[in-house]
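# Summary of the model geometry
Here is how the chains run, residue by residue.
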Amino acid sequence: MDFQFTSHLGNITAKCSMEHIALANWFNTEVRSNPQAILTALSTAQQLTENQETRLIGTEYTLFLNADEVMVRANNLMMESDEILEEDFHYYDEESIAFCGTPDFIHFLKSYLDFIA
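Everything in this summary refers to the structure shown in the same document. (Residues numbered from 1 in each chain as written. Predicted model: local features only at pLDDT ≥ 70, side-chain atom pairs only at ≥ 80, totals over all residues. Heavy atoms only, no water.)

### Thoughts on unusual backbone geometry
Phi at Leu-9 is positive, roughly 55°, even though this residue is not glycine. Assignment of secondary structure puts Leu-9 in the loop between strand S1 (3–8) and strand S2 (11–16). For Leu-9, a relative accessible area of 77% puts it in the exposed group. (Helix = DSSP H or I, 4+ residues; strand = E, 2+ residues; numbered from the N terminus. Buried < 20%, exposed > 50% of the residue type's maximum accessible area, 1.4 Å probe, protein only.)

Here you go:
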């Protein structure tokens, strides 16, 4: 997983590879408004044992974690809609959901903590 942290005028922004944009979006919305979220996510990910699953619900994104994988999903994907789309149209959700290995997620979080140190 490729990622980069940048700082401009005291605001830290994460950029991730295309398939992990939802992870950057989670960071840029949930963590900037609640710095404790990074420590909670790191602690939770590090303490997971085999066959254990948990989720961290945020304002815009929810993290689904287990010992092997982390899924980041926008909360608006959980809403059901009866709206019928025209033929050949579909919802674009590529930036709203991402998967990565739990070790990669932990590396991402620790890299952020190193970046701000």
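### Looking at the pairing of strand S4 (residues 61–66)
Here strand S3 (residues 53–57) runs beside S4; their pairing, made up of five bridges, is antiparallel. By the bridge assignment for S4, Arg-55 is matched with Phe-64. Between S3 and the antiparallel strand that follows it, S4, lie three residues. Note: S4 against strand S5 (residues 69–74), five bridges, orientation antiparallel. Directly across from Phe-64, in S5, lies its bridge partner Met-71. Where S4 hands over to S5, the hairpin turn is made up of two residues, counted between the paired strands. (Pairing = 2+ DSSP bridges.)

### Details of the sheet that holds S3
Taken in spatial order, the four strands line up as S3-S4-S5-S6 in an open sheet, and their pairing is antiparallel. Edge positions in the sheet fall to S3 and strand S6 (97–101), since each of these pairs with one other strand and no more. Neighbouring strand axes in the sheet, compared pairwise and without regard to direction, differ in orientation by 15° on average. Sitting on the sheet, helix H3 (residues 102–116) is in contact with S4, S5 and S6, with an inclination near 100° to S6. (Axes fitted to C-alpha atoms, helices over the stretch in contact; angles between N-to-C directions. Contact = heavy atoms within 4.5 Å.)

### Some words on the packing of helix H1 (residues 21–33) against H3
The interhelical angle for the contact between H1 and H3, taken along N-to-C directions, is 40°, at an axis separation of 13 Å. For the element pair H1 / H3, the angle class is oblique. In this structure, the crossing between H1 and H3 has a hand that is right-handed. The residues of H3 that touch H1, namely those facing Leu-23, Trp-26 and Phe-27, are Phe-105, Phe-108, Leu-109 and Tyr-112. (Parallel < 35°, antiparallel > 145°, perpendicular 65-115°, else oblique. Left-handed = near helix turned anticlockwise from the far one by under 90°.)

### Considering the environment of Leu-63
Checked against the element boundaries, Leu-63 lands in strand S4. Taking the relative accessible area as the measure of exposure, Leu-63 reaches 1% and is therefore buried. With twelve residues separating them in the primary sequence, Leu-63 and Asn-75 have C-alpha atoms 9.8 Å apart.

### Some thoughts on the environment of Met-18
Within the element layout of this structure, Met-18 appears in the loop between S2 and H1. Residue Met-18 is classed as exposed on the basis of its relative accessible area of 63%. Distance from Met-18 to Glu-95, taken between C-alpha atoms, is 8.1 Å for residues 77 residues apart in sequence.

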